[in-house]
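What follows is each chain in one-letter form.
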Amino acid sequence: MTNQTIMLGGGLRQDCDAISVMKAGTLRFSKPNKYWVESSQKRYTPCVEDTVLGIVVDSKADNFLIDIKGPVLAFLPVLAFEGGTRRNIPKFEVGTLLYLRVVKANFGMNPELSCTDASGKAAEFGPLKDGYMFETSTGLSRKLLSSPTCPVLEALGKKLSFEIAVGLNGRVWVNAATPDTIVVVANAIMNSESLSGAQQIIMVEHLLKNIQ
Amino acid sequence: MEGRLANAWRLTANDKSFIRTALLSEIRIDGRKPYEYRKIVVKFGREDGSSEVQLGQTRVMGIVTAQLVQPYRDRPKEGILSIFTEVSPMADPSFEPGHPGELAVELGRIIDRGLRESKAVDTESLCVLAGKFVWAIRIDLHILDNGGNLVDAANIAALAALLTFRRPECSLGGEDGQEVIVHPPEIREPLPLIVHHLPIAITFGFFSNDSILVIDPTHNEEAVMGGRMTTTVNANGDICAIQKAGGEGVPQRVIMQCLQLATAKAAGITKQIKEAVEVYNTERALRKIKRHPTSTGVNVKERQDQSVGK
């Protein structure tokens, strides 16, 4: 192998000269040089640049403590907002749902989050109002975010209008005009995990027929 | 402390208000109607007296065992019935290993009261030698997964296990007829328990806005609801027990409404339990038939053709 800098993602670790795999899953590669191991679990291992849905647990002087379904709570600095200064620190109640980006995720330390993208703009991050949040496995949330669009979301989108936020930590938030649309979307997504593309479309048609 | 915080299950403020808003339009988050029960699946293990019940995502296992003991002094001719509950931390992050919390104790007491006060299990038939030996029936309930409404699921598991349990037959012998001989199951077929009726526990959840009532609350609904009530009724319409511990107050007509709903549901659930037990008993009887290995016949014409061909 030629001299090449390889970036190791989640599931891989470097011990001196050897690279060892830390969890079971599929080895994925993305150009030019990123390798990582992908698997589906209920708990989440924080990774840098992931977008996650977090719940506020507590607020301290410098950070908010956020639960992102990881091994430890994550910190969200009070200044990590667009145009954030000491004067306009937002007030989040315990139980607020936030859409966040993971900035630092080192083994053994509390991960650090942010409500801005890499350039400092707000870009859809921040608190989510109303709607309903439910939990899924990490594999299903990756499927929902993959492109081309996941069949279940496409089939639902043809008939219903709703808003959705998917966290890579296994949390999905849905909002729509009426409660029964929200319930149908949530149940359709939760049922679609073990179904193939064609089966997902059939399942969605079945659910939609029941409410109309 | 932080580790425990990270593992706790939380409900967002969005979910709390959504569950309440959706209930105003009579919609529950799993798509059920307010008075609809989740799907109940009753399975049995290989041993007599072990059952596993699934109520949606909630799973409970019930195991019944029996032992010969000395009866209580004030009831020398009655057997003993006791219920033990074990909650595993795998079922819910709020359960701690070791000593059972308030929830486990309350669960055990509701099921115990339903079975004991209504005399569902006949304890007098459990007496072997009055004053000396009686059968002590022990029901162990293991909570495997908490998806809400543990009481109902645990109650069905206890009933299913009791109906399929078989105790060894024993007779009195010895010189003065005071010795108890317990016959092993291979010699004498073990006997089922005498269960007069099945007390079914039905749990209701109350929500404060507009006094909304739901049956069989899920885990999320339990975290949001204002109060709960468990009524234990049987298919004949008898009320065996009612438990309403704390929570918000409800008017009398709501309690009467709950009792009527519970009696209607109890009939359906009793039928389901009895059907599952029937299937298990048939399977058990088929297992007992010993087939002689050489008794399967061979086609006579085939053998003739073979010998002619040679």
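Rules used throughout
- Residues numbered from 1 in each chain as written.
- Chains lettered and ligands numbered in written order.
- Predicted model: local features only at pLDDT ≥ 70, side-chain atom pairs only at ≥ 80, totals over all residues.
- Heavy atoms only, no water.
- Core = buried A, V, L, I, M, F, W, Y, C linked by side-chain atoms within 4.5 Å.
- Buried < 20%, exposed > 50% of the residue type's maximum accessible area, 1.4 Å probe, protein only.
- Helix = DSSP H or I, 4+ residues; strand = E, 2+ residues; numbered from the N terminus.
- Contact = heavy atoms within 4.5 Å.
- UniProt positions renumbered as here; feature names shortened; annotations may be inferred.
- Expected span 1.5 Å × (residues − 1).
- Domains from an automatic or database assignment.
- Axes fitted to C-alpha atoms, helices over the stretch in contact; angles between N-to-C directions.
- Left-handed = near helix turned anticlockwise from the far one by under 90°.
- Nonpolar A, V, L, I, M, F, W, Y, C, P; charged D, E, K, R; others polar.
- Buried area = accessible area lost by both parts, 1.4 Å probe.
- Salt bridge = Lys/Arg side-chain N within 4 Å of Asp/Glu carboxyl O.
- Polar contact = N/O pair within 3.5 Å; in protein donor to acceptor, adjacent residues only side chain to side chain.
- Pairing = 2+ DSSP bridges.

Regarding the nonpolar core
All names here are of chain B.
Phase 1 of the analysis: Grouped together as the largest cluster of nonpolar side chains are 60 residues, with contacts concentrated most on L115, I139 and L141.
Phase 2 of the analysis: The element best represented in this core is helix 4 (residues 150–164), accounting for 11 residues.
Phase 3 of the analysis: Residue contacts for I139: discarding those within four places in its chain leaves I63, V64, L81, S82, I83, F84, L115, A158 and L162.
Phase 4 of the analysis: Judged by nonpolar contacts, the second largest core, of 36 residues, contains L11, I19, V214 and M225.

So, the UniProt feature "domain: Exosome complex exonuclease Rrp40 N-terminal" (unreviewed entry) in chain A
Phase 1 of the analysis: This chain's UniProt record puts "domain: Exosome complex exonuclease Rrp40 N-terminal" (unreviewed entry) on residues 8–43 of chain A.
Phase 2 of the analysis: Here residues 8–43 of chain A runs as 0% helix and 53% strand, with 21 Å between its end C-alpha atoms.

Description of helix 3 (residues 179–191) of chain A
Since the α-helix advances by 3.6 residues per turn, residues separated by three or four positions end up pointing in the same direction.
Phase 1 of the analysis: Over its 13 residues, helix 3 of chain A extends 18 Å from the first C-alpha to the last, a length consistent with the 18 Å expected when each residue adds 1.5 Å.
Phase 2 of the analysis: Turning to helix 3 of chain A, its buried residues number three or more, namely T181(A), I182(A), V183(A), V184(A), V185(A), A186(A), N187(A), A188(A) and I189(A).

Quick notes on the domain arrangement of chain A
Phase 1 of the analysis: By domain assignment, chain A separates into domain 1 (7–38), domain 2 (50–127) and domain 3 (132–210).
Phase 2 of the analysis: Its C-alpha centre places domain 1 of chain A at a distance of 27 Å from the equivalent point of domain 2 of chain A.

A word on the packing of helix 4 of chain B against helix 6 (residues 252–288) of chain B
All names here are of chain B.
Phase 1 of the analysis: Packing of helix 4 against helix 6 brings their axes to within 10 Å, and their N-to-C directions diverge by 40 degrees. Helix 4 and helix 6 meet at a crossing whose hand is right-handed. On helix 6, the residues that touch I156, L159, A160, L163 and T164 of helix 4 are I269, I273, V277 and Y280.
Phase 2 of the analysis: Class assignment for the residues of the contact of helix 4 with helix 6 results in 8 nonpolar, 1 polar and no charged.

A closer look at the interface of chain B and chain A
Phase 1 of the analysis: Between chain B and chain A, the contact holds 18 residues from the first and 23 residues from the second.
Phase 2 of the analysis: Buried area between chain B and chain A, summed over both chains or domains, comes out near 1800 Å², and the portion from carbon and sulfur atoms is 58%.
Phase 3 of the analysis: Summed over the shared surface of chain B and chain A, the result is 1 salt bridge.
Phase 4 of the analysis: Note that D67(A) and R10(B) form a salt bridge whose closest N and O atoms lie 3.3 Å from each other.
Phase 5 of the analysis: Here chain B and chain A share 6 residue pairs in polar contact (both at pLDDT 80 or more) between them.

Quick word on the sheet that holds strand 13 (residues 162–167) of chain A
Residues and elements named next belong to chain A.
Phase 1 of the analysis: One open sheet accounts for 3 strands, arranged 12-14-13; its pairing is antiparallel. The sheet is open, and its two edges are formed by strand 12 (132–135) and strand 13, each paired on a single side. Recorded for the sheet is a direction-independent mean angle of 20 degrees between the axes of neighbouring strands.
Phase 2 of the analysis: Both strand 12 and strand 14 (residues 171–176) contribute to a ladder of 4 bridges, which runs antiparallel. Paired with F134 across the bridge in strand 14 is V172.

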